Amino acid sequence: MIKLSPSVLAADFACLKDEIEKIGGADYVHIDVMDGHFVPNITFGPDIVKCIKKHTNLVLDVHLMIENPEKYVDVFLKSGADIITVHYECNMDFEYIKNAVKSAGKKLGISIKPKTDAEVLEKFLPDIDMALVMSVEPGFGGQKFMPESIDKIKKIRLMDKNIDIEVDGGIGEDNIKSVVDAGANVIVAGSSVFKADDVRKAVESLKKF
Ligand SMILES: O=C(CO)[C@@H](O)[C@H](O)COP(=O)(O)O
Ligand SMILES: [Fe+2]
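Residues numbered from 1 in each chain as written. Chains lettered and ligands numbered in written order. Predicted model: local features only at pLDDT ≥ 70, side-chain atom pairs only at ≥ 80, totals over all residues. Heavy atoms only, no water.

Details of the site of ligand 1
Worth spelling out the cut-off: We call a residue near a molecule or strand whenever a single non-hydrogen atom of that residue lies within 4 Å of it. Each polar contact in these results corresponds to two N or O atoms within 3.5 Å; when the atoms are within protein, one needs to be able to donate a hydrogen and the other to accept it, and residues that are neighboring in sequence are counted only if both atoms are side-chain atoms. Residue burial considers only the protein chains on display, and all accessible areas are found by Shrake-Rupley using a 1.4 Å probe. Residues are called lining when one of their atoms sits within 4 Å of a cavity or pocket point, these points coming from a 1 Å grid over the protein atoms alone, where a cavity is a set in which a 1.4 Å probe fits but cannot get out and a pocket is an open set with protein on both sides within 12 Å along at least five of seven lines. A pocket or cavity is taken to hold a molecule when more than half of that molecule's atoms are within 2 Å of the pocket's grid points. Helix and strand definitions here come from DSSP, where helices need a minimum of 4 consecutive H or I residues and strands a minimum of 2 consecutive E residues; each element is numbered from the N-terminal end.
Neighbouring ligand 1 are 20 residues, the closest being Asp-32, Gly-139, Asp-168, Gly-190 and Ser-191. Backbone polar atom of Gly-190 to an oxygen atom of ligand 1: 2.8 Å apart, as the coordinates give it. For ligand 1, whose free accessible area comes to 380 Å², the fraction covered by protein is 99%. Cavity membership is defined here by more than half of the atoms lying within 2 Å of grid points; on that basis ligand 1 lies in the largest pocket. Elements represented by at least two residues in the shell around ligand 1 include exactly strand E2 (28-34), strand E3 (59-65) and strand E8 (186-189).

Next up, the structure:
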C-alpha cells in the first residue's frame with residue numbers, strides 16, 4: 001500500500017482550509033518549508049503548520065529545505081509535524097535533530113537532491129524512518145520528473161527492504177507506477193493533485209494508479 005502525500009505548495013494558499021479538506025482521501029499532507037538560502041524560494045513557517053494541524057487528521061509530512069534545521073526542528077515538532085525530513089546537503093547538527101525527533105515520538109527522514117548519490121544515505125539508514133528522493137531540483141513545484149531518480153530509488157530499496165522511500169517532484173498518473181515499481185512507497189504529488197480540475201478525483205486515481 002502506498003501513502004499519498006499531496007504537496008500544498010501547489011494549493012491556493014488563500015483557501016488552505018478548503019484545499020486541505022479536498023485531500024481528505026490522501027494519507028499525508030506534504031508541507032514544503034523553504035528558507036531562501038538552501039533553496040531560492042521562501043514558503044511556510046511553523047505557524048502555518050500549526051494552522052493546518054487544526055484542520056486535518058492526516059499525517060503532517062514536513063519537508064525542510066532549509067539551512068541549519070536544528071534551529072527549527074523543535075518549533076516544527078511543537079507545531080504538529082509528524083514526519084520531519086531534512087536535506088543531506090544542508091549544514092546541520094544531525095545528532096541534535098535525531099534526538100529531538102525521536103524523543104517527540106515522531107518520524108525522521110533525510111532527503112537527497114537529484115545530483116546526490118543514493119550511497120550517501122547508507123550510514124544514516126539505521127537512524128532514519130524515511131529516505132526522500134528528489135525527482136526535481138528542490139525549490140519549486142510544477143517541474144518535470146527526472147527519470148534518473150528511478151535508479152536511485154532501486155538502489156535505496158536494495159540497501160533497506162523496510163525503510164519508507166518517498167519520491168518528490170513531477171509525479172502524476174503517467175509516472176506513479178514507475179516509481180512504485182522501483183520501490184517507493186510514499187508519493188508526493190503537488191501540481192497533479194491541486195491543479196487538477198477535480199482535486200478529490202485526482203487523489204482517488206493516484207491512490208488506485
Ligand atoms: O519539494 C518540492 C519542491 O521543492 C515538492 O514537494 C514540490 O512541491 C512537488 O510539486 P510537484 O512537482 O508535484 O508539482
Ligand atoms: Fe517536497
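A closer look at the packing of aromatic side chains
As a reminder of what qualifies: For Phe, Tyr and Trp, where Trp contributes only its six-membered ring, two rings pair if their centres lie within 6.5 Å, and the inter-plane angle classes them as stacked under 30 degrees, edge-to-face over 60, or tilted in between. Three exposure classes are used, based on accessible area relative to the maximum for each residue type with a 1.4 Å probe and protein chains only: buried under 20%, partly exposed in between, and exposed over 50%.
In this structure the tally under the stated criterion is three aromatic pairs. A centroid spacing of 5.2 Å and a plane angle of 70 degrees characterise the contact between Phe-13 and Phe-44, whose relative ring orientation is edge-to-face. In this pair, Phe-13 sits in the loop between strand E1 (3-6) and helix H1 (16-22) while Phe-44 sits in the loop between E2 and helix H2 (46-54), placing the two residues 31 residues apart along the sequence. Classification of Phe-13 by relative accessible area gives partly exposed; the value is 45%. Their ring planes at 75 degrees and their centres at 5.0 Å tell us that Phe-94 and Phe-124 sit as a pair that is edge-to-face.

A few points about the environment of Pro-6
Let me state the cut-off plainly: Any two residues whose heavy atoms approach within 4.5 Å are treated as being in contact.
With respect to the element layout, Pro-6 can be found in strand E1. Under the relative-accessibility criterion, Pro-6 is labelled buried at 0%. It is 4.7 Å that separates the C-alpha atoms of Pro-6 and Ala-189, two residues lying 183 residues apart in sequence. Residues within four places of Pro-6 in sequence aside, it is in contact with Ile-23, Ala-26, Tyr-28, Val-29, His-30, Ala-189, Val-193 and Phe-194.

Remarks on the coordination of the iron ion (ligand 2)
How we decide: Donor atoms (N, O, S) are those found within 2.8 Å of the metal centre, with the cutoff raised to 3.2 Å for Na, K and Ca; water is not part of the atom list, so apparent gaps in a site can occur. Between 85 and 135 degrees for all angles marks four donors as tetrahedral; over 155 degrees for opposite donors together with 65 to 115 for all other angles marks four donors as square planar and six as octahedral; every other arrangement is irregular.
For the iron ion (ligand 2), the protein coordination sphere consists of His-30 (NE2), Asp-32 (OD), His-63 (ND1) and Asp-168 (OD), at 2.0 to 2.3 Å. Around the iron ion (ligand 2) sit six donor atoms, and with donor-metal-donor angles ranging over 73 to 173 degrees the site reads as octahedral. Along the chain, the residues that donate to the iron ion (ligand 2) are spaced as H-x1-D-x30-H-x104-D. Within this pair, whereas Asp-32 is found in strand E2, its partner Asp-168 is found in strand E7 (residues 164-168), the two being separated by 136 residues in sequence.

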